[in-house]
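Okay, here's what each chain looks like letter by letter:
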Amino acid sequence: MKGLWLENNQLQLRTDIPIPEPPAGEALVRVLRAGICNTDVELLKGYYPYTGILGHEFVGVVEQGPEHLVNKRVVGEINAVCGHCRFCRSGQPTHCENRTVLGIVNRHGAFADYLCLPVDNLHLVPDNVPTEVATFTEPVAAALEIQQQIPLHPNNRVLVIGDGKLGQLVAQTLALTGCELLVVGRHQDKLTNLEARGIKTSIANAVTDGYFDISVECTGNPEGFAIARRALRPRGTLVLKSTYAGNLSLDASSLVVDEITLIGSRCGPFPPALQLLATKQIDVQPLIHASYPLIEALTAFEQAQSRGVLKVLLEISH
């Protein structure tokens, strides 16, 4: 089969990869669409040592698996877990000590004709959700994880830093809570997407220091972190939603003096994400910048890394 292979920080489109054989408890999924994520780009830059097929945002059709899933469209949670470590037993499987992660840690990913995932990881895609829309299930779920970690109320003042793919989804999901929300970024065309949905936006350097209860950092760069930190009131909460490729310098003393809560946030719940997409409570169509067939995956990756580009999709099969 074809697949986009990463090795030694180099991408290669290979055509000689064997179709995987699903082990017990797993399903073979024929991939339909897959989205290029910032994490994929960071892996290419060496964020984490990985060799294999990239990709973790996908929609596919089950070809081998339980009868109720065969020939059905599915999306899949990316962490394949052991089920018996202390995190699995305590209901925190995304921190499984023995997990593999689709296209990220010791498990081939979605930029290929086929992939394997545990049956328990798969979720049926509602009939009314187009395939290209369903590819956003994983990042929408990641955005929703914030609400799993922090109780949000209409009287909360919430700042989102970043107008890219992740910031757009975080903003749309947070807006549903009725909080006092402001999104700051540097690209007016991207901010216009949010303004069209009634979300207040501003340029990044127009943030009032010490005003917000919660800051959500979605840029993955030190400048975004600095804005998020100085925007918080004492005893505020700073949510880190992006991975950082390098080291981050911060003023630890100010975190102590202001009693700031710092929260890392990554994978989230799939069922409510699918529900939001099915009921059109969030709109991902404006985020799709381009689609490429898998044979043009190297070009797609170049496009995805271009300044100002939002989501680039790979069309794997029909």
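Not measured: the values here are computed from a predicted model. (Residues numbered from 1 in each chain as written. Predicted model: local features only at pLDDT ≥ 70, side-chain atom pairs only at ≥ 80, totals over all residues. Heavy atoms only, no water.)

**Some words on the overall build of the protein chain**
- Helix and strand counts for the protein chain stand at 10 helices and 18 strands.
- Relative to the compact-globule value of 20 Å for 318 residues, the protein chain shows a C-alpha radius of gyration of 19 Å, a close match.
- The principal-axis extent of the C-alpha atoms belonging to the protein chain is close to 55 × 45 × 40 Å.
- The 318 residues of the protein chain split such that 54% are buried.
- Counting only contacts in the protein chain whose residues sit at least 6 apart along the sequence, the fraction spanning at least 24 positions is 66%.
- Mean positive and mean negative side-chain charge positions of the protein chain (26 and 32 charges, respectively) differ by 3 Å. (Helix = DSSP H or I, 4+ residues; strand = E, 2+ residues; numbered from the N terminus. Rg over C-alpha atoms; globule rule 2.2 N^0.38 Å. Buried < 20%, exposed > 50% of the residue type's maximum accessible area, 1.4 Å probe, protein only. Contact = heavy atoms within 4.5 Å. Lys, Arg positive; Asp, Glu negative; His and termini not counted. Charge placed at Lys NZ, Arg CZ, Asp CG, Glu CD.)

**A closer look at the environment of Ile161**
- Turning to its location among the elements, Ile161 is positioned in strand S11 (residues 157-161).
- Since its relative accessible area comes to 3%, Ile161 is described here as buried.
- With 31 residues separating them along the chain, Ile161 and Pro130 place their C-alpha atoms 29 Å apart.
- For Ile161, the contacting residues outside a window of four places in its chain are Val184, Ser215, Val216, Glu217, Cys218, Thr219, Gly224, Ile227 and Ala228.

**Let's talk about the sheet that holds strand S16 (residues 261-264)**
- Spatial ordering of the open sheet is given by S13-S12-S11-S14-S15-S16, a layout of 6 strands whose pairing is parallel. With one partner strand each, in any of the chains shown, strand S13 (200-203) and S16 form the two edges of the open sheet. Within the sheet, the average angular offset between the axes of one strand and its neighbour, ignoring direction, is 20°.
- Pairing geometry for strand S14 (residues 212-217) and strand S15 (residues 232-240), over 5 bridges, is parallel. In the sheet register, Ile214 faces S15, and the bridge partner there is Thr237.
- Along the sheet, helix H7 (residues 222-230) contacts S11, S14, S15 and S16; its crossing angle with S15, the most-contacted strand, is approximately 145°. (Pairing = 2+ DSSP bridges. Axes fitted to C-alpha atoms, helices over the stretch in contact; angles between N-to-C directions.)

**Focus: the side chain of Thr201**
- Relative to the helices and strands, Thr201 resides in strand S13.
- Within the structure, Thr201 has its side chain in polar contact with the side chain of Glu195 (distance 2.4 Å).
- Aside from chain neighbours lying at most four places away, what touches Thr201 is Leu182, Val183, Leu191, Leu194 and Glu195. (Polar contact = N/O pair within 3.5 Å; in protein donor to acceptor, adjacent residues only side chain to side chain.)

**Details of the UniProt feature "domain: Alcohol dehydrogenase-like N-terminal" (unreviewed entry) in the protein chain**
- Under the UniProt annotation, "domain: Alcohol dehydrogenase-like N-terminal" (unreviewed entry) lies at residues 24-127.
- With 11% helix and 36% strand, residues 24-127 has its two end C-alpha atoms placed 28 Å apart. (UniProt positions renumbered as here; feature names shortened; annotations may be inferred.)

**Looking at the nonpolar core**
- With 48 residues, the main nonpolar core has Ile36, Phe58, Phe111, Phe301 and Leu314 as its most contacted residues.
- For this core, the secondary-structure elements that each account for two or more residues are strand S1 (3-7), strand S3 (26-36), helix H1 (38-44), strand S5 (57-64), strand S9 (114-118), strand S17 (288-293), helix H10 (297-304) and strand S18 (311-315).
- With 6 residues, S3 is the largest single contributor of residues to this core.
- The contact partners of Phe58, leaving out residues within four places of it in the chain, are Val29, Val31, Arg33, Ala34, Val74, Val75, Gly76, Leu102, Ala110, Leu115, Leu117 and Thr135.
- Ranked by size, the runner-up nonpolar core spans 44 residues in total, among them Val129, Leu152, Leu166 and Cys218. (Core = buried A, V, L, I, M, F, W, Y, C linked by side-chain atoms within 4.5 Å.)

**Some thoughts on H7**
- Restricting attention to buried positions, one finds in H7 the residues Gly224, Phe225, Ile227, Ala228 and Arg229.
- Looking at the packing, one finds that the buried side of H7 touches S11, S14, S15, helix H8 (252-257) and S16.
- A side-chain oxygen of the first residue of H7 lies 3.1 Å from the backbone nitrogen of Glu223; this N-cap is Asn221.

**A word on the sheet that holds S1**
- On the basis of which strands lie adjacent, the open sheet formed by 3 strands has the order S2-S1-S4 and antiparallel pairing. Every other strand in the sheet has two partners, leaving strand S2 (10-14) and strand S4 (52-53) as the edge strands with one partner each.
- For S1 and S2, the ladder comprises 5 bridges, and the chain directions are antiparallel. Note on S2: the bridge partner recorded for Leu6 is Leu11.

**Considering the pattern of salt bridges**
- With the rule as written, the count across this model stands at 12 salt bridges.
- Here Glu26 and Arg107 are joined by a salt bridge, their closest N and O atoms 2.9 Å apart. A residue pair is termed long-range when its members are at least 10 positions apart, and Glu26 in strand S3 and Arg107 in the loop between strand S8 (100-101) and S9 qualify at 81 residues. Across this residue pair, the class does not change: Glu26 and Arg107 are buried.
- For the salt bridge of Asp209 with Arg230, the shortest nitrogen-to-oxygen distance reads 3.4 Å. In this pair, Asp209 is assigned in the loop between S13 and S14 and Arg230 in helix H7, connecting sequence segments 21 residues apart.
- Judged by its relative accessible area of 37%, Arg230 is partly exposed. (Salt bridge = Lys/Arg side-chain N within 4 Å of Asp/Glu carboxyl O.)

**Some remarks on helix H9 (residues 270-278)**
- Considered for burial, the residues of H9 that qualify are Phe270, Ala273, Leu274, Leu276, Leu277 and Ala278.
- Tucked into the core, H9 has its buried residues touching strand S6 (73-76), strand S10 (122-124), helix H3 (131-134), helix H4 (137-149) and helix H5 (165-175).

**Brief notes about unusual backbone geometry**
- Positive phi, close to 70°, is recorded for Asn71, a residue that is not glycine.
- Looking at where Asn71 falls in the secondary structure, it is placed in the loop between S5 and S6.
- On the basis of relative accessible area, Asn71 is assigned to the exposed category, the value being 62%.
- Positioned with a positive phi, Glu259 is a non-glycine residue whose angle comes to about 50°.
- Positionally, Glu259 belongs in the loop between H8 and S16.
- For Glu259, a relative accessible area of 43% translates into the label partly exposed.

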